[in-house]
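So you can see what is in the structure, the chains are spelled out below.
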Amino acid sequence: MNDLAIISDIHGNLPALEAVLADIKSRGIKNIMCLGDLAGYYCGFNEVIDILRLNNIPTVMGNHDYALSFNFGVIERSKTCTHILKWQLDRCTPENLEYLRGLPLSIDHVFGNRQVKIVHGGLKDNLDEYLFDVDDEYFRSCNFNQDILITGHTHLLSYKSFYSGKIWLNPGSVGQPRDFNNSAAYLIIGEDFLPSFVRVPYDFYKVIHSMQENGFAPYISEGLRTGKKIS
Ligand SMILES: [Mn+2]
């Protein structure tokens, strides 16, 4: 059995994705799954979507992907996100728009002898639930009968294992870490089902400069340097 790499929340950050994929390749890992949010925030979104699409990496839909492909780029709670997504919608290739529209809300996958479910947000709302913690009651109320739940969206690393044997994981974000660490984050699940959280440094100034060149306000890219959430 091979290790499984989980990537999430790339948000158009091409240099971060390239660094993470190179790291995954250097470890000889061939199984990769993606928790969505390819779109949003940074300028390299078409290149990012191309890579996931052309490499057939199993990917679920994120809220930014949904907003771009089904909601005219609108995310109601954020003027900044909407402004960027409308810019991306004007430039999104037809192939990539069609690809985003076709992404599933969840994927069930068998890894070793365990059943894995991946979603962008959570079990109650696959697209837009911010899952900061999980307990047995959450699994019960959602009829979660699989073994391993992997969620993204918060951009924060999480790992919790239960007496029942269930495991909950969040790999953090490739393209926009929010844990005060500016290295790209991803997750490897080993053959023993134990997680390794990996950080990969990359040149975020490339992204900051390309955003500047395209006329975006500096605060949008500032978090790439500080590892803080955009406020
Ligand atoms: Mn998201």
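Residues numbered from 1 in each chain as written. Predicted model: local features only at pLDDT ≥ 70, side-chain atom pairs only at ≥ 80, totals over all residues.

Draft legend 1. Region of the structure containing the sheet that holds strand S9 (residues 195-200). Taken in spatial order, the 4 strands line up as S2-S1-S8-S9 in an open sheet, and their pairing is mixed. Here the strands that pair on one side only, and so sit at the sheet edges, are strand S2 (31-34) and S9. For this sheet, the mean inter-axis angle between neighbouring strands, taken without regard to orientation, is 25°. As paired elements, strand S8 (residues 184-189) and S9 share 6 bridges and run antiparallel to each other. (Pairing = 2+ DSSP bridges. Helix = DSSP H or I, 4+ residues; strand = E, 2+ residues; numbered from the N terminus. Axes fitted to C-alpha atoms, helices over the stretch in contact; angles between N-to-C directions.)

Draft legend 2. Molecular detail of the pairing of S2. Both strand S1 (residues 4-7) and S2 contribute to a ladder of 4 bridges, which runs parallel. In the sheet register, Ile7 faces S2, and the bridge partner there is Cys34. As for the winding sense of the linkage, the β-α-β connection from S1 through helix H1 (residues 14-26) to S2 is right-handed. (Right-handed = clockwise from strand over helix to strand, strands pointing away.)

Draft legend 3. Inspection of the sheet that holds strand S6 (residues 157-161) at higher detail. Taken together, the 5 strands give an open sheet; going across it, the order is S3-S4-S5-S7-S6, and neighbouring strands pair in mixed fashion. Of all the strands in the sheet, the pair left with one neighbour each is strand S3 (106-111) and S6. When strand polarity is set aside, the average angle formed by the axes of neighbouring strands in this sheet is 20°. With 5 bridges joining them, S6 and strand S7 (residues 167-171) adopt antiparallel strand pairing. Within S7, the position partnered with Ser158 by the bridge is Asn170.

Draft legend 4. Region of interest: the packing of helix H7 (residues 204-213) against helix H8 (residues 219-226). In contact at an axis separation of 9 Å, H7 and H8 are set at 175° when each is read in the N-to-C sense. In terms of orientation, H7 and H8 fall into the roughly antiparallel class. Touching Phe204, Val207, Ile208 and Met211 of H7 are Ile220, Ser221, Leu224 and Arg225, all from H8. Taken together, the residues of the contact of H7 with H8 break down into 6 nonpolar, 1 polar and 1 charged. (Parallel < 35°, antiparallel > 145°, perpendicular 65-115°, else oblique. Contact = placed C-beta atoms within 7 Å. Nonpolar A, V, L, I, M, F, W, Y, C, P; charged D, E, K, R; others polar.)

Draft legend 5. Representation of helix H3 (residues 63-70) in the model. Along H3, 7 of the 8 residues are buried, which leaves the element largely enclosed by surrounding structure. All of the buried residues along H3 are Asn63, His64, Asp65, Tyr66, Ala67, Leu68 and Ser69. Against helix H4 (79-91) and helix H5 (94-101) lie the buried residues of H3. Count one or two residues on from H3 and you reach Phe72, which has phi positive near 55°. (Buried ≥ 20, exposed ≤ 12 C-beta atoms within 10 Å, placed from the backbone.)

Draft legend 6. Structural view of H4. Over its 13 residues, H4 runs 19 Å from end to end, which matches the ideal 18 Å to within 8%, given 1.5 Å per residue. When we look at burial in H4, the residues that qualify are Cys81, Ile84, Leu85 and Gln88. What you see down the axis of H4 is that its buried residues fit within an arc of 100°, all on one side. Across from the buried face of H4, at angles greater than 90 degrees, the exposed residues are Lys79 and Asp90. The inward-facing, buried residues of H4 abut helix H2 (45-54) and H3. (Expected span 1.5 Å × (residues − 1). Arc of directions from axis to C-beta.)

Draft legend 7. Quick look at unusual backbone geometry. The backbone of His11 shows a phi angle near 50°, a positive value even though the residue is not glycine. Inspection of the secondary structure assignment puts His11 in the loop between S1 and H1. Unlike most non-glycine residues, His155 shows phi in positive territory, near 65°. Considering the arrangement of structural elements, one finds His155 in the loop between strand S5 (148-151) and S6. With 24 C-beta atoms packed within 10 Å, His155 lands in the buried category.

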